[in-house]
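# Architecture and fold: a report
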Amino acid sequence: MPIFVIHKHKARNLHYDFRLEKDNVLKSWAVPKEPPRSTNVKRLAVMVDDHALEYANFSGIIPKGNYWAGKVEIWDKGTYEEIEWGSKKIIVDLKGKKLNGIYCLIHFKPKEKNWLFLRRNNYLICFKNCFRGNVFTTSFSSAHPRRACAIPSSKNGKFVLL
Ligand SMILES: [Mn+2]
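Residue indices follow the written sequence of each chain, beginning from 1 at its first position. Residues qualify for local features only when their pLDDT is at least 70, as the model is predicted, and side-chain atom pairs are given and counted only at 80 or more; totals for whole chains, interfaces and linings, by contrast, use all residues.

### Considerations on the overall build of the protein chain
Let me state the cut-off plainly: Numbering of helices and strands runs from the N terminus; a helix is a DSSP stretch of H or I covering at least four residues, while a strand is a stretch of E covering at least two. Exposure criterion: with C-beta atoms placed from backbone coordinates, a residue whose C-beta has 20 or more other C-beta atoms within 10 Å is buried, one with 12 or fewer is exposed, and one in between is partly exposed. What counts as a contact here is a pair of residues whose C-beta atoms, placed from the backbone, lie within 7 Å.
When you go through the protein chain residue by residue, the secondary structure sums to 1 helix and 14 strands. Per-residue burial over the protein chain gives 19% buried out of 162 residues. Counting contacts in the protein chain only where the partners sit at least 6 residues apart, residues at least 24 apart contribute 39% of the total.

Listed below in structure tokens is the structure:
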């Protein structure tokens, strides 16, 4: 399984670098506040340059004089399962020590590097074609175990994954 890592980076401004292994690099976002552990917190996540895979294990001091000077430590690390990876939305199931569960990155301003990073216990998704009434009718259930637990939401016609 691919890995993820979150570096706590005490540069000029403390931030958290969230990195996902993808296509042999670390896709990276800088999160200005501590990453969310509960579902009621949304964080801004600014996409930054890809990092080399080897950087996942880095911790230490980036020397003064460098723009990113400061202390880097590994705040969390683990593996993840990709549920969806699109240009506007990335959904992963993180298996870390601090972050565990389904997380979404939503690219809410396509021309900018700003994404939202949030946790979802109940991942809202439109699986309308997959349901007849309350009965789950497709083979989605075998594609991802969590999808077997999807139920229609009465609020907005979307479906809730438990
Ligand atoms: Mn950083």
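### Describing the nonpolar core
Counted only if it meets this: Put simply, a nonpolar core is a cluster of buried Ala, Val, Leu, Ile, Met, Phe, Trp, Tyr and Cys residues tied together by C-beta atoms within 7 Å.
In terms of nonpolar packing, the biggest core is built from 19 residues, with Phe18, Trp29, Ala45, Val92, Leu105 and Phe117 touching the most fellow members. When residues of this core are traced back to their parent elements, those giving at least two are strand E1 (3–10), strand E2 (14–22), strand E3 (25–31), strand E6 (70–85), strand E7 (89–95), strand E8 (100–106) and strand E9 (114–119). Among residues more than four places away in sequence, those in contact with Val92 are Leu20, Tyr80, Glu81, Glu82, Ile83 and Tyr103.

### Structural notes on the confidence of the model for the protein chain
The cut-off we apply is this: The pLDDT value expresses, per residue, how confident the predictor is, ranging between 0 and 100.
Looking at the protein chain as a whole, the pLDDT averages 80, with 74% of positions reaching at least 70. Between residues 123–152, whose pLDDT stays under 50, and residues either more than four places distant or in other chains, the model counts 43 contacts.

### Focus on the environment of Trp68
Within the fold, Trp68 resides in the loop between strand E5 (60–62) and E6. Considering only alpha carbons, one finds Trp68 and Ala11, 57 residues apart in sequence, at a separation of 5.7 Å. When near neighbours in sequence (up to four residues on either side) are disregarded, Trp68 contacts Ala11 and Ile62.

### Considerations on unusual backbone geometry
Note on backbone geometry: most residues besides glycine have negative phi, and most peptide bonds are trans. In this structure, Asp23 is a non-glycine residue whose phi angle is positive, near 50 degrees. Here Asp23 shows up in the loop between E2 and E3. Looking at Asp23, the number of C-beta atoms within 10 Å reads 8, which means it is exposed. With phi around 70 degrees, Asn24 is a residue other than glycine that occupies positive phi space. If you trace the backbone, Asn24 turns up in the loop between E2 and E3.

### So, the pairing of E9
Put simply, the test is: Here the rule is simple: two strands pair whenever DSSP picks up at least two bridges between them.
Only one face of E9 is buried: it carries Trp115, Phe117 and Arg119, and the other face, with Asn114, Leu116 and Leu118, is open. Where strand E4 (residues 42–52) meets E9, 5 bridges bridge the pair, whose relative direction is antiparallel. Looking at the pairing, Ala45 lines up with Trp115 of E9. Pairing geometry for E8 and E9, over 4 bridges, is antiparallel. Considered in E9, the bridge of Ile106 is made with Leu116.

### Section: the environment of Leu116
Counting through the fold element by element, Leu116 comes out in strand E9. Here the alpha-carbon distance between Leu116 and Lys42, two residues 74 residues apart in the chain, equals 6.5 Å. When near neighbours in sequence (up to four residues on either side) are disregarded, Leu116 contacts Lys42, Leu44, Ala45, Ile106 and Phe108.

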